[in-house]
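A look at the structure
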Amino acid sequence: MNEIGNDTYRHQGLRRRLVELLKKKGIDNDAVLAAIGIVPRHLFIDDTAFQDKAYEDGAFPIACGQTISQPYTVAFQSQLLQVGKGMKVLEVGTGSGYQCAVLCALGAKVFSIERHRPLYLQTKERLARLGYRASLYHGDGYAGIPREAPFDRIIVTCGAPEVPQALINQVKPGGRVVIPVGEGGVQHMLLLEKDLAGAVTRTDQGQFRFVPMLADKAS
Ligand code: SAH
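Reference entry: report on the structure contained in this document. None of the values given here were measured: they were computed from a predicted structure.

**Let's talk about the environment of Ala128**
- Position of Ala128 among the secondary structure elements: in helix H6 (residues 117–129).
- Here the alpha-carbon distance between Ala128 and Ala34, two residues 94 residues apart in the chain, equals 21 Å.

Here it is in structure tokens:
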């Protein structure tokens, strides 16, 4: 049996319950809820001990000491991003590929960058196997992906000490950047909106917890 075959009625039922929970927690964007409802999150978690908890609203360990983001956080960031079909979206911090798959399910053309080579390789294989057509890169997200810029939207899924200027430069006028900023245990989710004249406004959308965005050479 292939892994798609492992998406059972039981998993589908658990996902419907997760979608109801996210609605109760305030997620109200129908496209985002539908995307969470179809992406098989249990297939993005390697550790079988945690697979059973895939549809609980928690963050779990993945390879290289990283984590798969909590479904609420994925939904919250995706909702803030306001992704339209066909938009070019840059994700920094591919990790398990779950957020990337949700963006694909929203109809985005996704470019995602990861600094840990083993994670990049594993997730590239996983997304292809599950039928998600994202472009994955191994490298340092602080630089963005200049040769693919500009992007309609940019989402960062690790906690940055500040907003990297390269990412602001690489978002189109009229575009949005969603990025958790702050060192230590807690980050503030910032929404940056670039107007058509290129001016950028920032709003604080609340506190979250992320693994750090690291600046040293990718491994
Ligand atoms: N979006 C992921 C979340 C993974 S955790 C998911 O849905 O599973 C954040 C990821 O950001 C980690 O895999 C970490 O290795 C990566 N990361 C940290 N600093 C980075 C950087 N400078 N460039 C690219 N990726 C980075």
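Text resumes after the structure shown.
**A few points about the side chain of Gln79**
- Following the sequence through the fold, Gln79 ends up in helix H4 (residues 71–81).
- Setting aside its immediate chain neighbours within four residues, Gln79 contacts Gly26, Ile27, Asp28, Asn29 and Val32.

**A look at the sheet that holds strand S6 (residues 151–156)**
- Spatially, seven strands are ordered S5-S4-S3-S6-S7-S8-S9 in an open sheet, and the strand pairing comes out mixed. Two strands lie at the open edges of the sheet, namely strand S5 (135–138) and strand S9 (200–208), each paired on one side alone. With direction set aside, neighbouring strand axes in the sheet form an average angle of 15°.
- The pairing of strand S7 (residues 171–181) with strand S8 (residues 187–194) spans six bridges and is classified as antiparallel. If you follow Val181 over to S8, its bridge partner there is His188.
- In this fold H4 packs onto strand S3 (88–92), S6, S7, S8 and S9, with an angle of close to 155° to the strand it touches most, S7.

**So, the site of the ligand**
- Lining the immediate surroundings of the ligand are 27 residues, of which Ser96, Glu114, Asp140, Gly141 and Leu214 lie closest.
- At 2.9 Å, a side-chain N or O of Glu91 approaches a nitrogen atom of the ligand.
- Between an oxygen atom of the ligand and a main-chain N or O atom of Gln99, the distance comes to 3.1 Å.
- Taken by itself the ligand offers 580 Å² of open surface, and the protein chains cover 99% of this.
- Every element with two or more residues in the shell around the ligand is listed here: strand S2 (67–68), S3, helix H5 (98–105) and strand S4 (109–114).
- Here the shell around the ligand is built from residues that sort into 11 nonpolar, 12 polar and four charged.

**Some remarks on helix H2 (residues 30–38)**
- Looking only at H2, the buried set comprises Val32, Leu33, Ala35 and Ile36. Axial view of H2: buried residues confined to an arc of 160°, hence all on one face. The exposed set on the far side of H2, more than 90 degrees from its buried face, consists of Asp30 and Ile38.
- Here the buried face of H2 lies against helix H1 (9–24), H4 and H5.
- For H2, the capping residue at the N-terminal end is Asn29, with a side-chain oxygen 3.0 Å from the backbone nitrogen of Ala31.

**Structural notes on the packing of aromatic side chains**
- Under the criterion given, the structure shown has seven aromatic pairs.
- Aromatic side chains Phe44 and Tyr98 sit 5.8 Å apart centroid to centroid with 70° between the ring planes, which places their arrangement in the edge-to-face category. Of the two residues, Phe44 sits in the loop between H2 and helix H3 (48–51) while Tyr98 sits in helix H5, which places them 54 residues apart along the sequence.
- In this structure Phe44 comes out as buried when scored by relative accessible area, which is 0%.
- For Tyr98, a relative accessible area of 1% puts it in the buried group.
- Their ring planes at 40° and their centres at 5.8 Å tell us that Tyr72 and Phe76 sit as a pair that is tilted. Separated by four residues within a single helix, Tyr72 and Phe76 lie in helix H4, roughly one turn from each other.
- You can call Tyr72 buried: its relative accessible area is 19%.
- Connected via pairs of aromatic rings, a cluster forms that spans Phe44, Tyr98 and Tyr132.
- Positioned above the aromatic ring of Tyr98, the side-chain terminus of Arg41 is 5.4 Å from the ring centre.
- Across from the ring centre of Phe151, 5.8 Å away, lies the NZ or CZ of Lys88, which sits over that ring.

So, how was this worked out
Residues numbered from 1 in each chain as written. Predicted model: local features only at pLDDT ≥ 70, side-chain atom pairs only at ≥ 80, totals over all residues. Heavy atoms only, no water. Helix = DSSP H or I, 4+ residues; strand = E, 2+ residues; numbered from the N terminus. Contact = heavy atoms within 4.5 Å. Pairing = 2+ DSSP bridges. Axes fitted to C-alpha atoms, helices over the stretch in contact; angles between N-to-C directions. Near = heavy atom within 4 Å. Polar contact = N/O pair within 3.5 Å; in protein donor to acceptor, adjacent residues only side chain to side chain. Areas by Shrake-Rupley, 256 points an atom, 1.4 Å probe, with all protein chains shown as cover. Nonpolar A, V, L, I, M, F, W, Y, C, P; charged D, E, K, R; others polar. Buried < 20%, exposed > 50% of the residue type's maximum accessible area, 1.4 Å probe, protein only. Arc of directions from axis to C-beta. Phe/Tyr/Trp six-rings, centres within 6.5 Å; stacked < 30°, edge-to-face > 60°. Lys NZ or Arg CZ within 6 Å of the ring centre and 35° of its normal.

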